[in-house]
Amino acid sequence: KAGVTQTPRYLIKTRGQQVTLSCSPISGHRSVSWYQQTPGQGLQFLFEYFSETQRNKGNFPGRFSGRQFSNSRSEMNVSTLELGDSALYLCASSQNAGGETQYFGPGTRLLVL
Amino acid sequence: GESVGLHLPTLSVQEGDNSIINCAYSNSASDYFIWYKQESGKGPQFIIDIRSNMDKRQGQRVTVLLNKTVKHLSLQIAATQPGDSAVYFCAESSNTGKLIFGQGTTLQVKP
């Protein structure tokens, strides 16, 4: 079974731009969560989607948003990029929502200049 | 508040020795704990998990121990190999899709 895939793998943007990242979960998995990883803050939860609905949201500004499609694929969007948004963005999927094993993709490395 | 911490940022072991990586958690409502391994340039890879109704779980060369009394989690790796070199994260969850991660321990395996 194919793992979690994320596109693109690398991205360079400038301040003020917006970006959309994509995640395809493991086949059959209906829950997708997003995390931001930085050297200073570590791995931080952004949000979780299940059945096209956001179930949980982390402590990030409204510039960070996401959505999930009927095929469980998910996208996250960051608007008005800031230098501090440079990070590895990780997507994880699980079969169902809440308290299940999450399997991570390789991440999208975003650099904001 | 919620936090998951690891006791040591770096652990250096000799190839063939056993490794023990420790983690303390603070949310007594957490009922699910996971260990992940992250190699450079890759996403976290699931190693082993344990639920709060257990105190020990074994996998292939790995064992996770959970002590709910002192809110402590550990990962034991038997016969550590060079391929085990990575950053190890513990994470906790309380029946939500939100994982709270510790800061990570870098395991260095010396040949």
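Here, the structure is the one placed above.
In this report, the structure presented in the accompanying data block is examined. (Residues numbered from 1 in each chain as written. Chains lettered and ligands numbered in written order. Predicted model: local features only at pLDDT ≥ 70, side-chain atom pairs only at ≥ 80, totals over all residues. Heavy atoms only, no water.)

**Points about the overall build of chain A**
Helix and strand content of chain A: 0 helices and 11 strands. Projected onto its principal axes, the C-alpha positions of chain A cover 35 × 25 × 25 Å. Taken over 113 residues, chain A has a buried fraction of 50%. Excluding contacts between residues fewer than 6 apart, the proportion of contacts in chain A whose partners are at least 24 apart in sequence is 54%. Here chain A has roughly 5,200 Å² of accessible surface; of this, 47% comes from carbon and sulfur atoms. When the 11 basic and 6 acidic side-chain charges of chain A are each reduced to a single mean position, those positions are 5 Å apart. (Helix = DSSP H or I, 4+ residues; strand = E, 2+ residues; numbered from the N terminus. Buried < 20%, exposed > 50% of the residue type's maximum accessible area, 1.4 Å probe, protein only. Contact = heavy atoms within 4.5 Å. Areas by Shrake-Rupley, 256 points an atom, 1.4 Å probe, with all protein chains shown as cover. Lys, Arg positive; Asp, Glu negative; His and termini not counted. Charge placed at Lys NZ, Arg CZ, Asp CG, Glu CD.)

**A few points about the pairing of strand β4 (residues 32-38) of chain B**
All names here are of chain B. With respect to burial, β4 is a largely interior element, 7 of its 7 residues being buried. Side chains Tyr32, Ile34, Tyr36 and Gln38 project from β4 onto one buried face, and the interleaved Phe33, Trp35 and Lys37 project onto a second face that is buried too. Looking at chain direction, β4 and strand β5 (residues 45-51) are connected through 6 bridges and run antiparallel. When the bridges of β5 are listed, Trp35 appears paired with Ile48. With antiparallel pairing between neighbouring strands as the criterion, β4 and β5 make up a hairpin whose turn holds 6 residues, including Gly41 at a positive phi of roughly 80°. When β4 meets strand β9 (residues 86-93), the two strands line up antiparallel, connected through 7 bridges. Following the sheet pairing, Phe33 is matched in β9 by Glu92. (Pairing = 2+ DSSP bridges.)

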